[in-house]
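Geometric and topological summary
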Amino acid sequence: MIAFDLPRIREAHEPPEARGLARDAVRLMVTGTDSGSVTHHTFTDLPDLLRPGDVLVVNDSATLPAAVPLDRLAVHFSTEREDGSWLVELRRRSAGATEPYAGGEPGEWLPLPGGATLRLLGRETPRLWRAVVDRDVPSYLREYGLPIRYSYVDRDWPLSAYQTVFGVRPGSAEMPSAGRPFSHELVTALVSRGIVVAPITLHTGVASPEKDEPPYPERFAVSPQTARLVNQAEGRVIAVGTTVVRALETAALGTGEVRAAEGWTSHIVTPAGGVHAVDGLITGLHEPRSSHLMMLSAIAGEELLSRSYEAALREGYLWHEFGDLHMITSDQFRIK
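I will try to describe carefully the structure that is included in this document. (Residues numbered from 1 in each chain as written. Predicted model: local features only at pLDDT ≥ 70, side-chain atom pairs only at ≥ 80, totals over all residues. Heavy atoms only, no water.)

A few words on the nonpolar core. Counting residues in hydrophobic clusters, the biggest one holds 41 residues, and the most contacted among them are V57, I200, V222, L248, V258, L305 and Y309. Only β3 (55-59), β13 (196-202), β14 (218-222), α4 (224-231), β15 (237-240), α5 (242-251), α6 (292-300) and α7 (302-314) provide two or more residues apiece to this core. Take this core: its biggest share by element is six residues, from α6. Leaving out residues up to four positions away in the same chain, V57 has contacts with A198, I200, T226, V230, V237, I238, A239, V240, V244 and L248. Counting 38 residues, the second-largest nonpolar core is a separate cluster that includes L64, L73, W86 and A131. (Core = buried A, V, L, I, M, F, W, Y, C linked by side-chain atoms within 4.5 Å. Buried < 20%, exposed > 50% of the residue type's maximum accessible area, 1.4 Å probe, protein only. Helix = DSSP H or I, 4+ residues; strand = E, 2+ residues; numbered from the N terminus. Contact = heavy atoms within 4.5 Å.)

Next up on the list: unusual backbone geometry. Excluding glycine, a negative phi dihedral is what most residues carry, and trans is how most peptide bonds are arranged. For H320, which is not glycine, the phi torsion reads 80 degrees and is therefore positive. In this fold, H320 is placed in the loop between α7 and β18 (325-329).

The next subject is the packing of aromatic side chains. For the structure on display, the rule yields nine aromatic pairs. Relative to F182, the ring of F43 lies with its centre 5.0 Å away and its plane at 85 degrees, an arrangement referred to as edge-to-face. In this pair, F43 sits in the loop between β2 (38-42) and α1 (46-49) while F182 sits in the loop between β12 (169-172) and α3 (184-192), placing the two residues 139 residues apart along the sequence. For the pair F43 and F182, a shared accessibility class is recorded, and that class is buried. In textbook terms, an aromatic cluster arises when at least three aromatic residues are bridged by ring pairs, as seen for F4, Y309 and W319. Here the guanidinium or amino end of R27 rests over the ring plane of Y317, the centre of that ring lying 4.1 Å away. Positioned over the ring face of W157 is R155, at 3.7 Å from the centre of the ring. (Phe/Tyr/Trp six-rings, centres within 6.5 Å; stacked < 30°, edge-to-face > 60°. Lys NZ or Arg CZ within 6 Å of the ring centre and 35° of its normal.)

If you check which residues of α4 are buried, you get T226, A227 and V230. Viewed along the axis of α4, the buried residues span an arc of 100 degrees, placing them on a single side of the element. On the buried face of α4, the contacting elements are β3, β13, β14, β15 and α5. (Arc of directions from axis to C-beta.)

Along the chain, the position of S78 falls in strand β6 (residues 73-80). Residue classification places S78 among the buried positions, given a relative accessible area of 1%. Engagement of the side chain of S78 in a polar contact is seen with the backbone nitrogen of V206, the distance being 3.1 Å. A polar side-chain atom of S78 sits 2.3 Å from a polar atom in the side chain of Y216. (Polar contact = N/O pair within 3.5 Å; in protein donor to acceptor, adjacent residues only side chain to side chain.)

Fair warning: the whole summary comes from geometry, so function is off the table for now.
So this is what it looks like as structure tokens:
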């Protein structure tokens, strides 16, 4: 896995709008897996970088205000289980942000704002608890929750800052951030060029910025319509986000054919397993040692990915959900 140091100056501390930019005016680095080229653009160049017949697959999950602050702790709601319980992360509030909290006991009750109560059932992972709340959680979060924010973001921002233009199905604990730079005007320009936009749903859980972990099971759905558009694509299939790669690769058969599917995915894309359903992806820039880098290496190869990240650091790209974007894709136009 590639290794590098990420200086704080390379972290995006606020949305691009707060930096005087439009959503779609962030930077876009493009890595061509056939030529080995690394080029630099603005995200609004995307319609000129794609070709008629290409299929962009996007995540239509919308972001929940999944953080509930308490006096000294915060509860980050991650994933609803089929039995009505939730996976949650407990974090200690510290200097305007949060940090990992190792406390908690099975059976412990935590009072929440508004008179609600959360009960810890047991640990699911070293970081995540199974818990139940005596309220309907999505309704409760709409009233008392805030978007999840980590220490590299300097202040709270409204939920609208964490939504994409594609988000119509609430369920993600954290924003499917690769879709954030798309504006309605840019989507119109893409479609007018003959580029197909197709949705999947994958509800993201909470990340671990302090200690990277493999993703745990997440709920997803690939519709028959999207499966058909992917399988019949005349051009490249480009996933908008690692969540989309995970969903499509879960739904892909051994030959690369994508079937309609829904449920829970534990699939992790690695260089050993490779990818079968996509020709590339658009994604943010990922932290050192992130498990997402394995997925990117499966598409680009480790040497080319390392060279791309060296270029991103040298050229002053910004990391994290409010930062710049990276497109990795085949240079070749292919007919299935």
